[in-house]
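# A structural walkthrough
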Amino acid sequence: MRFGAGADTLTVRLAAGGRGNCAPRLRLDSPDGPVAATLPVRGTGGTDSWRKLSVRLPVR
């Protein structure tokens with residue numbers, strides 16, 4: 001995924017059953033690249049209950 005110049009926020013739409021409580025990481029350049037952001041995911045109330053989550057991206 002290429003963010004392009006000026007991208008400063010990543011917004012995802014997600015649903016999590018149960019309690020959620022996971023934290024996927026967005027990495028730059030490769031699967032082992034530096035972590036650009038961590039998205040703390042909590043339960044949304046079910047797999048059909050969607051929410052938006054935004055996280056700031058670092059300036060490169």
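We now turn to the structure provided with this report. All chains use their own residue numbering, which begins from 1 and follows the written sequence. Restriction of local features to residues with pLDDT of at least 70 applies here, the model being predicted, together with a cutoff of 80 or more for giving and counting side-chain atom pairs; totals for whole chains, interfaces and linings are based on all residues. Working from all heavy atoms in the structure, the side-chain values ignore hydrogens and water.

## Details of the overall build of the chain
Check the secondary structure of the chain and you find zero helices and six strands. Helix and strand definitions here come from DSSP, where helices need a minimum of 4 consecutive H or I residues and strands a minimum of 2 consecutive E residues; each element is numbered from the N-terminal end. If you list the helices and strands of the chain from N to C, you get β-β-β-β-β-β. Looking at the chain as a whole, 23% of its 60 residues qualify as buried. In the chain, of all internal contacts separated by at least 6 residues, the share reaching a separation of at least 24 is 52%. Only protein chains enter the calculation, and the probe is 1.4 Å; a residue is then buried if its accessible area is under 20% of its type maximum, exposed if over 50%, and partly exposed in between. Contacts: residue pairs with any heavy atoms within 4.5 Å of one another.

## What about the nonpolar core?
The definition of a nonpolar core used throughout is a set of buried Ala, Val, Leu, Ile, Met, Phe, Trp, Tyr and Cys residues joined through side-chain atoms within 4.5 Å. Counting eight residues, the largest nonpolar core is built from L10, L26, L28, A36, A37, L39, V55 and L57. Ignoring any residue separated from it by four or fewer positions in sequence, one finds V55 in contact with D8, T9, L10, A37, T38 and L39.

## Here we look at the environment of L53
Looking at where L53 falls in the secondary structure, it is placed in strand β6 (residues 51-56). In sequence terms L53 and L14 are 39 residues apart; their C-alpha atoms lie 7.6 Å from each other.

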